[in-house]
Amino acid sequence: VKKNTTVKKSAVIIIISLLLVTILQVVLSIIYPKIGIDYNAIESISVTSSDSVFTKILYFVCIAVIPAIFEELLFRKMLIDYSRKIGNGFAIIVSALIFGIIHLNLSQTIFAFLLGLLFAIIYTKTGSIKTTMLIHFINNGFAAITVIFKDNVNLIGICTLIFLVVSAIITIYQIIKNRKKINFKNIKLAKIDTRNLKKYRYILSDYTFLVTILITALLFLATENM
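All chains use their own residue numbering, which begins from 1 and follows the written sequence. The model is predicted, so local features are restricted to residues of pLDDT at least 70 and side-chain atom pairs to those at 80 or more, both for listing and for counting; the totals for chains, interfaces and linings are taken over all residues. To obtain the side-chain values, all non-hydrogen atoms of the structure were used and water was disregarded.

Only buried Ala, Val, Leu, Ile, Met, Phe, Trp, Tyr and Cys residues count toward a nonpolar core, and they belong to the same one when joined by side-chain atoms within 4.5 Å. Exposure categories follow from relative accessible area, calculated using a 1.4 Å probe and restricted to protein chains: below 20% of the type maximum is buried, above 50% is exposed, and the middle band is partly exposed. Membership of the largest hydrophobic core comes to 14 residues, with the highest contact counts inside it found for V21, L28, Y32, F111, L115, I122 and I135. Taken together, the elements giving at least two residues each to this core come down to α1 (7-34) and α4 (106-126). Starting at the N terminus, helices and strands are each numbered in turn, a helix being any DSSP run of H or I of at least four residues and a strand any DSSP run of E of at least two. In terms of residue count, α1 provides more of this core than any other element does, seven residues in total. We call two residues in contact whenever any of their non-hydrogen atoms come within 4.5 Å of each other. Discounting chain neighbours no more than four positions away, the residues touching I135 are I13, I14, S17, L18, F119 and I122. Counting residues in each nonpolar core, the second largest holds 12 residues, with V94, F99, F209 and I213 among its members.

Quick look at the packing of α1 against α4 now. Axis angle and axis distance: for two packed helices, these are the angle between their axes and the distance between the axes, and together they describe the pair. For helices, the fitted axis covers only the stretch in contact; all axes are lines through C-alpha atoms, and the angles between them, taken along N-to-C directions, range from 0 to 180 degrees. Contact pair α1 / α4: the axes reach a minimum separation of 11 Å and the direction vectors enclose 160 degrees. With respect to α4, the axis of α1 lies roughly antiparallel. As α1 runs across α4, the sense of the crossing is right-handed. Every residue of α4 that contacts α1 at I13, S17, L20, V21, L24, Q25, L28 and Y32 is listed here: L106, S107, I110, F111, L114, L115, L118, I122 and T126. To sort the angles, those under 35 degrees are grouped as roughly parallel, those over 145 as roughly antiparallel, those from 65 to 115 as roughly perpendicular, and the leftovers as oblique. Crossing handedness is read from the near helix: turned anticlockwise from the far helix by less than a right angle, it gives a left-handed crossing, and turned clockwise, a right-handed one.

A word on the pattern of salt bridges. Just to be clear on terms, a salt bridge is a Lys or Arg side-chain nitrogen sitting within 4 Å of an Asp or Glu carboxyl oxygen. The final tally for this structure, using the stated rule, is three salt bridges. As a salt-bridge pair, R76 and E72 come within 2.6 Å of each other at their nearest N and O atoms. Separated by four residues within a single helix, R76 and E72 lie in helix α2 (residues 53-83), roughly one turn from each other. With respect to burial, R76 and E72 carry one shared label: buried. As a salt-bridge pair, R84 and D81 come within 3.8 Å of each other at their nearest N and O atoms. Owing to a relative accessible area of 18%, R84 belongs among the buried residues under this scheme. Residue classification places D81 among the partly exposed residues on the basis of a relative accessible area of 30%.

Time to look at α4. To estimate how far a helix should extend, the number of its residues minus one is multiplied by 1.5 Å. Along its 21 residues, α4 runs 30 Å from first to last C-alpha, staying within 8% of the 30 Å computed at 1.5 Å per residue. In the segment just after α4, G127 is the residue with positive phi, at about 75 degrees.

Attention now goes to a nonpolar patch on the surface. Residues L20, I23, V26, V27, I30, I31 and I35 make up a contiguous nonpolar surface patch of about 600 Å² in total accessible area. Topologically, I23 is positioned in helix α1. By relative accessible area, I23 is classed as partly exposed at 44%. Excluding any residue in a salt bridge, patches collect residues exceeding 30% relative accessible area, merging like charges within 9 Å and nonpolar Val, Leu, Ile, Met, Phe, Trp and Tyr side chains within 5 Å. Computed with the Shrake-Rupley method and a 1.4 Å probe, the accessible areas treat only the protein chains shown as cover for residues.

Looking now at the packing of aromatic side chains. For any two aromatic rings, the description comes down to two numbers: the centre-to-centre distance and the angle of the planes. Centre distance within 6.5 Å is the pairing criterion for rings of Phe, Tyr and Trp, where only the six-membered ring of Trp is used; planes under 30 degrees apart are then read as stacked, over 60 as edge-to-face, and the remainder as tilted. Overall, the coordinates contain two aromatic pairs when judged by the stated rule. Between F60 and F137, the aromatic rings sit 5.9 Å apart at their centres with planes inclined by 90 degrees, giving edge-to-face as the arrangement. Linking F60 in helix α2 with F137 in helix α5 (residues 129-148), this pair joins segments that are 77 residues apart in sequence.

This is how it looks when you write it as structure tokens:
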């Protein structure tokens, strides 16, 4: 279902989502060490200041540009559209679960699953794959930039702090502005249409879908060991 999403609305969604992602990363960075998991929410390929400009650009493209486009097309656009007739709840959970598992790393799996839930909810609510692409790109792009320019950690820290303050103000403003529209009593879990489960079991038997997921998993595994 295509829905009209204005540029202003998309901008607000992106800012609030990035704030939520940042909070999620902070929370996981605190919880992971306590349960014995190495904190590595994103891929960390070593890039040094002595590397060429081309190497840094290639790193940025591989970490930020390619995943933002193709992961969103596969895990949100294709997978959700493929399964949402069973129910939005089913589509959201399944797409997020596969998105998490495909990372083949426990710390990344947990982070990616929660991130996948956020992206899936945004996509099902707005119908805009471009919005989730932009959030994905900015999130991964910032991570790539912090690695590329790790020698300027103070500048990155200041920019991060400014963004967090601005995004927090915008989020609080939106909550106050829309407080009358927010009614937690009316929030219900999306229902799964069990009558269609058998009809759409091809999701797990369609060889083209399974081959796509397998190839994606192998690509993740290959880049993880580069």
